[in-house]
Each structure stands twice: as C-alpha cells, then as structure tokens.
Amino acid sequence: MWRIFNLITVRGLHKTFRVAKRSTGLGQAVKALFHREYKAIEALKDISFSIEPGEIVGYIGPNGAGKSTTIKVMSGILVPDSGICSIMGYTPWEQRVSYVKHIGVVFGQRSQLWWDVPVIDSFELLRDIYKVPETEYQSNLSLLTETLDLQELLGIPVRQLSLGQRMRCEIAASLLHSPSVLFLDEPTIGLDAMSKIAVRRFIQTINAERGVTVILTTHDMSDIEALASRIILIGKGRLLHDGSLQGLRSQFSTRKVITADYRTCHRPLAIPGAAILSWSPERAQFSINTGEIVVSEVLAALSSQVELLDVTIDGQPIEDLIIQLYKEHQLS
Ligand SMILES: Nc1ncnc2c1ncn2[C@@H]1O[C@H](COP(=O)(O)OP(=O)(O)OP(=O)(O)O)[C@@H](O)[C@H]1O
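Residues numbered from 1 in each chain as written. Predicted model: local features only at pLDDT ≥ 70, side-chain atom pairs only at ≥ 80, totals over all residues. Heavy atoms only, no water.

- Looking at an unreviewed UniProt entry, one finds the chain named ABC transporter ATP-binding protein, with Paenibacillus roseus as its source organism.

This is how it looks when you write it as structure tokens:
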C-alpha cells in the first residue's frame, strides 16, 4: 500500500499529450485537412516520490524532461492520465478551489500579475481572490515588501518593471496568502547575479522561518547548490535519481583538485597516484581520483617534500556532475 501521510505523495503519474503530426509539402497539407494524424508524447512515465514538510527539493532534468508538466499536475492545472498525487491531503485537480489556498506557484516565464495595473492593485486583487484576512495580508505585505525590497515598485504597472523587479513581485504575490508549499518553475531565469542572490536568500528565509516547503525546477545549477539539499532528476518523463546532493556528489565525484602553497622549493614535486596540473616554486596543483588515492596520503607525501603553507581541496563542480548524470542516462 502507498503511504499517503507525507506532505506530498506522488505515485505512478502518467501524462500523455496528443499532438497533431506536422505535414510537409502541399499534398500532405491537403490530405491533413481531411485526415489529421496524431502522435502521442509521453511527458510523464510512472513518476513517484514523496516530500516531507520543510524540504527544499530541486526538480531537475534537461529540456522536455517533464518538469513543468509535473509542476502543473501538482498545482492542479493539469489532470494526469493515471496515478496518485496527494498534497496536504488534497488531490490538486479535484479540489482545486480549496487546495490553491495552501500553495503558491511561480512560473518564471509567465506572470500571475495584471499587466497594466500597479503591483499593489494586483496584490489586493489576489488578497480578495484568496480571501486573506486583512491583518494577515498586511503583515505578509510588510514582510515581503521589506525582504524583497519592493517599496519603490508597488505603485508601478507591471509592464514597466524589469524582469528582476517583476520576479520579486511574482514571488511576493505567490506568498501573500501564507501558503505551506511553494512551486517555483525557473524562478531565476534571466535574472542578473544580484537579483538571483536576492531571490535565493529570500527562498532560504521563508523556508527556515516559516517552514515553507519548496519545489524548485531550474536549469541553473548554482540555484540547486545554494538551495536544494535534495535532487529529483527526471529525463524523458522518467524519474532517474532521487537523493541528497551530498549523496550525488559521493556517488559520482571521485575527482578532486588539490592546490598546495609552500615555502619556495625549486625541485618539482612528484606525488605517486596524483596527476600534476600545474607547478611553480611556490604552488602546485594536483588532480586525484579518490577511488585510487585518499587525500591524506597526498598531503603526507606533500609535507615530506615541502613546507606546506596552505592547502585547498575542491570537489567536482555540480555542473560536471549533472552532465555526467545526463550522459549516464543518455539524455545529452
Ligand atoms: N500542452 C502540451 N501539448 C503537447 N505537448 C506538450 C504540452 N506540454 C508539454 N508537452 C511536451 O511534453 C514533454 C515535457 O514537457 P515539459 O514542459 O514538462 O518539460 P520540461 O522538463 O519542463 O522542459 P523545459 O526544461 O524545456 O521547460 C515535452 O516533450 C513537451 O513538448
């Protein structure tokens, strides 16, 4: 039997889209007027996972993997062909009206704000739609205005905002009704470095202080590294990996780069089992495979040859890990 007590339980989700085949050439186009052919795109194939309260989960995968389709099912916008999705006891597409009071959704590419009216008017409309009590609305508004730095933006129509400014307003809009679960679909897409950091910091704050559970889809691995302790990877509609970022690292990351600074030594260093990447009389950089040699052996060999002043050890960057994972599952 499935356990349905988690905050979010997704079991065996399937979703197939039926799309008209494109006809090429005039003859085919005329034929298509009378007899349309369709093909099935299996966007989700047996997707299952559970999420506990207070988790920040990175939902990742290459283009067309099925990420947005999953988020749309979980937010009640799409109905799956089969499978279970239980979130806080609701089936999103069946009890949509009562369910949406508990969730916030931000689609980076689409706006939930009214384009031609000042931001504050959109916020007030959302307050009325969600029937947020006035005291709760005012306290959320002042917290969001302060932490997302919105004061200057509230009186401006949305169409006049920059992407980064709009994104901060979108995130605020999704949280005015104090949801317990927040779905963020590419929340930092197109943002500059400063805005990305501001958005990430804010996500961390609402997670830590309000216990909001966050499901985040992104292609930006630095978002994942900064925010998500758990990664769910999907590819071609299938779930391929579900685990901690740390676990993923230890599963795949066997390469480390050791940089050593030492008192001047004109003799080149030689460390058995370590490949030298660069050398100078004051600094050397090695690459090791931790399956073959452990870091402490390298450090012992180094300190027997030079007087060490400083050592840094870097793991494989997360982008490389993900590329490795995509290759392994033949997604790239
Ligand atoms: N409304 C739709 N009609 C037909 N096909 C669709 C529809 N929505 C999604 N698809 C198809 O389903 C598959 C999964 O799409 P989805 O948008 O969920 O992927 P994604 O992982 O979010 O991709 P991306 O990173 O590019 O946004 C793709 O092949 C896509 O073309």
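A few points about the nonpolar core
Most often, soluble globular proteins keep nonpolar side chains buried together rather than apart.
Here is step 1 of the chain: Grouped together as the largest cluster of nonpolar side chains are 46 residues, with contacts concentrated most on Phe-123, Leu-150, Cys-169 and Ile-224.
Here is step 2 of the chain: Among the elements that line this core, the one with the most residues is helix H6 (residues 163–175), at 6 residues.
Here is step 3 of the chain: Discounting chain neighbours no more than four positions away, the residues touching Leu-150 are Phe-123, Leu-144, Thr-145, Arg-168, Cys-169 and Ala-172.
Here is step 4 of the chain: Ile-8, Ile-51, Leu-78 and Cys-85 belong to the second-largest nonpolar core, a separate cluster that totals 28 residues. (Core = buried A, V, L, I, M, F, W, Y, C linked by side-chain atoms within 4.5 Å. Buried < 20%, exposed > 50% of the residue type's maximum accessible area, 1.4 Å probe, protein only. Helix = DSSP H or I, 4+ residues; strand = E, 2+ residues; numbered from the N terminus. Contact = heavy atoms within 4.5 Å.)

So, the packing of aromatic side chains
Here is step 1 of the chain: Considering all chains together, one arrives at 2 aromatic pairs under this definition.
Here is step 2 of the chain: Each ring, one from Phe-49 and one from Tyr-59, has its centre 5.7 Å from the other, and the planes form 55°; the classification is tilted. Taken together, the residues span a long stretch of sequence, with Phe-49 in strand S2 (residues 38–51) and Tyr-59 in strand S3 (residues 56–60) at a distance of 10 residues.
Here is step 3 of the chain: The class for Phe-49 is buried, based on a relative accessible area of 3%.
Here is step 4 of the chain: With centroids separated by 5.8 Å and ring planes inclined at 55°, the aromatic side chains of Tyr-90 and Tyr-99 adopt a geometry described as tilted. Tyr-99 matches Tyr-90 in its accessibility class, with the two residues each being buried.
Here is step 5 of the chain: For the cation-ring pair, Arg-18 lies above Tyr-38, with the distance from its terminal atom to the ring centre recorded as 3.8 Å. (Phe/Tyr/Trp six-rings, centres within 6.5 Å; stacked < 30°, edge-to-face > 60°. Lys NZ or Arg CZ within 6 Å of the ring centre and 35° of its normal.)

Examining the side chain of His-177
Here is step 1 of the chain: Relative to the elements of secondary structure, His-177 occurs in the loop between H6 and strand S6 (181–185).
Here is step 2 of the chain: Engagement of the side chain of His-177 in a polar contact is seen with the backbone oxygen of Ile-103, the distance being 2.7 Å.
Here is step 3 of the chain: Once you skip the residues sitting within four places of it in the chain, His-177 turns out to touch Val-100, Lys-101, Ile-103, Gly-104, Tyr-130, Val-132, Glu-136 and Asn-140. (Polar contact = N/O pair within 3.5 Å; in protein donor to acceptor, adjacent residues only side chain to side chain.)

Quick notes on the domain arrangement of the chain
Often, the extent of an interface is quoted as the loss of accessible area upon association of its parts.
Here is step 1 of the chain: Annotation of the chain at the domain level lists domain 1 (8–249) and domain 2 (254–315).
Here is step 2 of the chain: Placing the centre of domain 1 and that of domain 2 at their C-alpha centroids yields a distance of 45 Å. (Domains from an automatic or database assignment.)

Description of the pattern of salt bridges
Here is step 1 of the chain: Summed over the entire model, instances satisfying the criterion amount to 11 salt bridges.
Here is step 2 of the chain: With a shortest N-O distance of 3.1 Å, Arg-127 and Asp-128 are connected by a salt bridge.
Here is step 3 of the chain: Using a relative accessible area of 16% as the deciding quantity, one classes Arg-127 as buried.
Here is step 4 of the chain: According to the relative accessible area criterion, Asp-128 is partly exposed, its value standing at 48%.
Here is step 5 of the chain: Residue Glu-170 pairs with Arg-166 through a salt bridge whose shortest N-O separation is 2.7 Å. Taken together, the residues span about one helical turn, with Glu-170 and Arg-166 both in helix H6 at a distance of 4 residues.
Here is step 6 of the chain: Relative accessible area serves as the criterion here: at 1%, Glu-170 is assigned to the buried category.
Here is step 7 of the chain: We classify Arg-166 as buried; its relative accessible area is 10%. (Salt bridge = Lys/Arg side-chain N within 4 Å of Asp/Glu carboxyl O.)

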